Each structure stands twice: as structure tokens, then as C-alpha cells.
Amino acid sequence: MKNAIIYFYNMYINDIRKLNNNYYFSFNNDDYVIEQYNFNIKESVFIYELNKEMLDNKINTYKIILTKENNVLFEYDGYLYFLMIIPKIRNRVITYEDVINFNVYTNNDKILNVLDKSNWGYYWSEKIDYIEYQFSSIMDKHKVIKNSINYYIGLWENAISYYNDNINDSYTKQVVHKRVDTNMDLLSFLNPINLIIDTKERDLGEYFKSYIMNESYTIDNLNNMLNKISLDDTKIKRFICRIMFPSYYFDRYDDIMIGSSDEEVLNNIISKNKNVLVLLKILFNKYKNSNIPQIEWIKKED
């Protein structure tokens, strides 16, 4: 990798260390990360454009460095990488307030279009069709998934139906994260590779799901968290819809399929099935006087 950095960036470094799929080094009083990129190549250019815009607006984040040929990515040993300067901050675990207060917007139409992931109904329908096809051919190899996946597919299909029936295109888009969770550190939270265009309810929904899966919650805690956010009817429906989407299960499913995790990790998730239903019932009860469609089977769950 040292030679690649010399070749693509004319940077001569002494020491470089590898951690998982990334590399780290220091140069001219800055700390750098060489981060592997496994997503849509077309999007990488607009990740850079968004990153540049955020830095111009004094928003704390990494700084993506272009190659000497002004390319966003470089290839090494068959993989694509970003080179980025790590922000000079004290790293820590993010808080709920970090999620609430992360309000970044862009007026760049190309960024808004290319990085837009807000049409959940479309993306979810494509993904669930693929998963159902994929798993049908390998189900006998994964007993835990075989015995649990239908419940989560059913929950996901409820989310898709709720989205298609109740949500239109009149919502505000902003910069949010592919995923957030209660164990995420601040450097990961600020990483431009984790940023996309969607609605605030994506970040809020993912954080709430992680909270009820990973923390010792109480009904009072959940209500106190809900009282810190202001949602109109459209936002409430998107928030409920995001909670229904079982990303906590299918993210682990994806890890299992690529061999980076054992399916036994799902047992903890399965044991907390009721937690999401508790949260959904709280939401339906809290917003019962708003114009929010109810889901009868969830209301009847014990």
C-alpha cells in the first residue's frame, strides 16, 4: 500500500498499519485513513462533492483527498479506496442528541438525485424479492434463519404496505446516515462514506431500533426520547414505517451471507421480537389523535 500512496498521491510515508479492511498513517501532522469502498462507483463522485460542500460550510467531517489525477477513488489489489484526513476530534460513542442535532442540507440537485435513498417502498421491494429468492436455495444450511426469517419478512412486508398506502413524495430530504446505532462512535458518524440523502426519520428510526435492541429501556425513557422530537403527520408515518423495517435482522442476515458473521448472532435479536412491537404500540398510542393509520394486529399484540 505504501507504493500505491506514492504512485497515486506523491506522498512518501514511513509507517502504515492495517486494521480490518482499512489502512492508517500520519503525514504532515494529519492522521489519514485509506478506506475500502464497496458501493456504487457513480455515487463516489457525489460523496466527494457533498464532502467538499460540508467542509466549505464548516461542518465537521473527514476530508476526502483526490489522487494526483483528480480521481476520487484509487484501486489497489483489486479493491477501491478513498484516502481521507481524519477530523481532529475526541472520539466517543454518539448520543441521541447527536442524532437529533445532525441537520445537514444541500441544494445541489445532482447530489440530491444520485445519493437519494428516500423511496423506501421501491428499495425494500427489490431487496425483499432478492432475499426470498436467495434464501430459498440455501435454507437448509442455515437453521436459525430458516426458523425465523418468515416473521421478519412479514414485518418487512407490513412496512412496505404501510409505505405504499400512506406515504407520498412531499417530504423534506437532507443528509443522513446509511445506518446509525447506539454503539456507533463519532468518527463513524461523521464518515462521508456513511452519508446519503434521505429524511430525518431514517436516522431517528434506526437509532430507536438500536436502542430497544441494545439498551435497558423503560417506557418512560422511550416517551422522553420521543418528546425531544417534533414530527408532523407525514414524518410520523415515515418514522413508524422505518421502525417496522427490521434492518437489525437483515443487516446481520447480509453479514451471514458473505461469511463475516455466524448466524448465532440472530438469537439475541430473535429473543427481543417483542421490543419493536412495544415501541410501535407506544407510537400508535402517542399519535392516536393525529391522522395516522393504525395497524390492527400490532395494537392487539400482548
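Just so we're clear, the structure is a prediction, and the values are computed from it rather than from any experiment. (Residues numbered from 1 in each chain as written. Predicted model: local features only at pLDDT ≥ 70, side-chain atom pairs only at ≥ 80, totals over all residues. Heavy atoms only, no water.)

Draft legend 1. Spatial organisation of the side chain of N22. Structurally, the position occupied by N22 is in strand β2 (residues 22–27). A relative accessible area of 15% means that N22 is categorised as buried. A polar contact is formed between the side chain of N22 and the backbone nitrogen of Q36, at a distance of 3.0 Å. Setting aside anything within four residues of it in sequence, one finds N22 in contact with R17, V33, I34, E35 and Q36. (Helix = DSSP H or I, 4+ residues; strand = E, 2+ residues; numbered from the N terminus. Buried < 20%, exposed > 50% of the residue type's maximum accessible area, 1.4 Å probe, protein only. Polar contact = N/O pair within 3.5 Å; in protein donor to acceptor, adjacent residues only side chain to side chain. Contact = heavy atoms within 4.5 Å.)

Draft legend 2. Representation of the packing of helix α5 (residues 120–136) against helix α7 (residues 149–166) in the model. Interaxial distance between α5 and α7 falls to 9 Å at its minimum, and their mutual angle equals 155 degrees. It follows from the interaxial angle that α5 and α7 lie roughly antiparallel. At the point where α5 passes α7, the crossing takes the left-handed sense. For the pair formed by α5 and α7, the contact residues are W120, G121, W124, S125, K127, I128, I131, E132 and F135 on the first element and I149, I153, W156, E157, A159, I160, Y163 and N164 on the second. (Axes fitted to C-alpha atoms, helices over the stretch in contact; angles between N-to-C directions. Parallel < 35°, antiparallel > 145°, perpendicular 65-115°, else oblique. Left-handed = near helix turned anticlockwise from the far one by under 90°.)

Draft legend 3. Geometry of helix α10 (residues 219–226). Inspection of α10 places L222, M225 and L226 among the buried residues, and these make up the whole buried set. The buried side chains of α10 occupy one side of the element, clustering within an arc of 100 degrees when seen end-on. Contact partners of the buried residues in α10: α3 (96–101), α9 (200–214), α11 (233–244) and α14 (273–286). (Arc of directions from axis to C-beta.)

Draft legend 4. Representation of the pattern of salt bridges within the structure. One pass over the full model with this rule turns up 16 salt bridges. D251 is the salt-bridge partner of R179, the closest N and O atoms lying 2.6 Å from each other. Pair noted here: R179 is in the loop between β7 (174–177) and α8 (186–189) and D251 is in helix α12 (residues 247–257), with a separation of 72 residues, a long-range link. Take R179: its relative accessible area is 23%, and that puts it in the partly exposed class. With a shortest N-O distance of 2.9 Å, K209 and E206 are connected by a salt bridge. With a gap of 3 residues between them, K209 and E206 both fall in helix α9, about one helical turn apart. E206 carries the same exposure label as K209, and that label is buried. One salt-bridge network, in which partners are shared between bridges, spans R179, E206, K209, R242 and D251. (Salt bridge = Lys/Arg side-chain N within 4 Å of Asp/Glu carboxyl O.)

Draft legend 5. Region of the structure containing the packing of aromatic side chains. Applying the stated criterion across every chain yields a total of 28 aromatic pairs. Considering the side-chain rings of Y96 and Y207, the 5.7 Å spacing of their centres and the 25 degrees angle between planes classify their relative orientation as stacked. Of the two residues, Y96 sits in helix α3 while Y207 sits in helix α9, which places them 111 residues apart along the sequence. Like Y207, Y96 is buried. Their ring planes at 80 degrees and their centres at 6.3 Å tell us that Y152 and Y248 sit as a pair that is edge-to-face. In this pair, Y152 sits in helix α7 while Y248 sits in helix α12, placing the two residues 96 residues apart along the sequence. For the pair Y152 and Y248, one class covers both residues: buried. Ring pairing ties together the aromatic residues W120, W124, F135, Y151, Y152, W156, Y163, F245, Y248, Y249, F250 and Y253, which thus form one cluster. The ring of Y171 has R238 sitting right over it, with the charged end atom 4.1 Å from the ring centre. (Phe/Tyr/Trp six-rings, centres within 6.5 Å; stacked < 30°, edge-to-face > 60°. Lys NZ or Arg CZ within 6 Å of the ring centre and 35° of its normal.)

Draft legend 6. Representation of a negative patch on the surface within the structure. Taken together, the side chains of E126, D129, E132 and E157 make up a negatively charged region of the molecular surface. In terms of residues, the negative patch owes the most to one element, α5, which gives 3 residues. (Patch = residues over 30% accessible without salt bridge, like charges linked within 9 Å, V, L, I, M, F, W, Y side chains within 5 Å. Areas by Shrake-Rupley, 256 points an atom, 1.4 Å probe, with all protein chains shown as cover. Lys, Arg positive; Asp, Glu negative; His and termini not counted. Charge placed at Lys NZ, Arg CZ, Asp CG, Glu CD.)

Draft legend 7. Highlighting the environment of N275. If you trace the backbone, N275 turns up in helix α14. Considered as a pair, N275 and K209 are 66 residues apart in the sequence and their alpha carbons are 8.7 Å apart. Apart from residues no more than four positions distant in its own chain, N275 is found in contact with I212 and Y217.

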